[in-house]
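Single-letter residue listing:
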Amino acid sequence: MADADLEAIRAARRQQLQEQGGGSGGQDDQEDEKRQQEQQVRSSILAQILTPAASDRINRIRLVKASRAEDVETRLITLARSGQLRQKVDEEQLKQILEAVSEAQEEREKVVVHRRKGGWDEDDLDDLLNDI
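Values in this document were obtained by computation on a predicted structure and should not be read as measured data.

Comments concerning the overall build of the chain
- Scanning the chain for helices and strands turns up six helices and zero strands.
- Buried positions account for 17% of the 132 residues belonging to the chain.
- At a minimum sequence separation of 6, the contacts of the chain that also span at least 24 residues come to 68%.
- Accessible surface, the chain: about 10,800 Å² in total, of which carbon and sulfur atoms supply 48%.

Shown next, in the form of structure tokens:
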């Protein structure tokens, strides 16, 4: 769809939601509007830096795990804003970024168990057996 078509649909939907809500909750409307604007900015940046195949892959990832898609999009936008992307990201480059993001998530999710040294020794076992 063209951007004009999407904007027309969004405007109609906003109007419909305002009519249903009766215009109450001005702060909620402002937050929703701000969120929509941020999403539009993200979408436009991603449209500029992704090939159609890479965009389709991110959309399929979003169906399975939305948080991973958000992480990848955020990383891509950061790379684009810092000037590290020289050309559009294709599907192969996107796979590499996905691997990097998944490795970073695995490192954050690791559980480290620290065991105390000098737990039980023979004297403790003798004391335990003598109490029986």
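Once you've had a look at it, read on.
Notes on the packing of helix H3 (residues 52–64) against helix H5 (residues 91–109)
- The interhelical angle for the contact between H3 and H5, taken along N-to-C directions, is 40°, at an axis separation of 8 Å. With respect to the hand of their crossing, H3 and H5 are arranged in right-handed fashion. Contact residues: H3 offers Ala53, Ala54, Arg57, Ile58, Arg60 and Ile61, while H5 offers Glu91, Leu94, Lys95 and Leu98.
- Looking at the contact of H3 with H5 residue by residue, the classes come out as six nonpolar, no polar and four charged.

Some points on the nonpolar core
- Judged by nonpolar contacts, the single largest core of 17 residues is most densely connected at Leu50, Ile58, Val72, Leu76 and Leu94.
- A total of five residues in this core trace back to one element, the largest contributor, which is helix H4 (residues 66–81).
- For Leu76, the residues in contact, after removing those within four places along its chain, are Leu46, Ile49, Leu50, Ile58, Leu85, Val89, Leu94 and Ile97.

Rules used in this analysis
Residues numbered from 1 in each chain as written. Predicted model: local features only at pLDDT ≥ 70, side-chain atom pairs only at ≥ 80, totals over all residues. Heavy atoms only, no water. Helix = DSSP H or I, 4+ residues; strand = E, 2+ residues; numbered from the N terminus. Buried < 20%, exposed > 50% of the residue type's maximum accessible area, 1.4 Å probe, protein only. Contact = heavy atoms within 4.5 Å. Areas by Shrake-Rupley, 256 points an atom, 1.4 Å probe, with all protein chains shown as cover. Axes fitted to C-alpha atoms, helices over the stretch in contact; angles between N-to-C directions. Left-handed = near helix turned anticlockwise from the far one by under 90°. Nonpolar A, V, L, I, M, F, W, Y, C, P; charged D, E, K, R; others polar. Core = buried A, V, L, I, M, F, W, Y, C linked by side-chain atoms within 4.5 Å.

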